[in-house]
Amino acid sequence: MEDVEELIVRDSNGAILKEGDSVTVIKDLKVRGSSGVIKRGTMVKNIRLTDDAAEVEGKVEKSVMVLRTEFLKKA
């Protein structure tokens, strides 16, 4: 019987995010290693949690990206 700490992931407003939630980007974000930009208001559906409470994975424009939770809000 191990004590497993559950990771609590929160968005920019403090709402708890869970696996499979949808989030909205609250600020234009430059994509590292590319000239692309993720525009404010972009919906990211079916997010996956990572080992880091400050990051989630989601599919944006047909590619999987790691996004910082400080720039997301729960949809």
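This is a predicted model, so every value here is computed, not measured. (Residues numbered from 1 in each chain as written. Predicted model: local features only at pLDDT ≥ 70, side-chain atom pairs only at ≥ 80, totals over all residues. Heavy atoms only, no water.)

With respect to the nonpolar core
Moving on, step 1. Counting residues in hydrophobic clusters, the biggest one holds 14 residues, and the most contacted among them are Ile 38, Val 44 and Leu 67.
Moving on, step 2. Not counting residues up to four positions away in its chain, the partners in contact with Leu 67 are Ile 38, Val 44, Ala 54, Glu 55, Val 56, Val 60 and Leu 72. (Core = buried A, V, L, I, M, F, W, Y, C linked by side-chain atoms within 4.5 Å. Buried < 20%, exposed > 50% of the residue type's maximum accessible area, 1.4 Å probe, protein only. Contact = heavy atoms within 4.5 Å.)

Digging into the sheet that holds strand β6 (residues 43–44)
Moving on, step 1. If you walk across this open sheet you meet the three strands as β6-β3-β10, and the pairing is antiparallel. At either end of the open sheet lies a strand with only one pairing partner, and these are β6 and β10 (72–74).
Moving on, step 2. The pairing of strand β3 (residues 23–25) with β10 spans three bridges and is classified as antiparallel. In the strand pairing of β10, Val 23 is matched with Lys 74. (Pairing = 2+ DSSP bridges. Helix = DSSP H or I, 4+ residues; strand = E, 2+ residues; numbered from the N terminus.)

Focus on the environment of Gly 20
Moving on, step 1. You can see Gly 20 is positioned in the loop between β2 (16–17) and β3.
Moving on, step 2. Accessibility expressed as a relative area gives 35% for Gly 20, which makes it partly exposed.
Moving on, step 3. Taking C-alpha positions, Gly 20 is 6.3 Å from Arg 48, a pair spaced 28 residues apart along the chain.
Moving on, step 4. For Gly 20, the contacting residues outside a window of four places in its chain are Asn 46 and Ile 47.

That is the geometry; function is a separate question.
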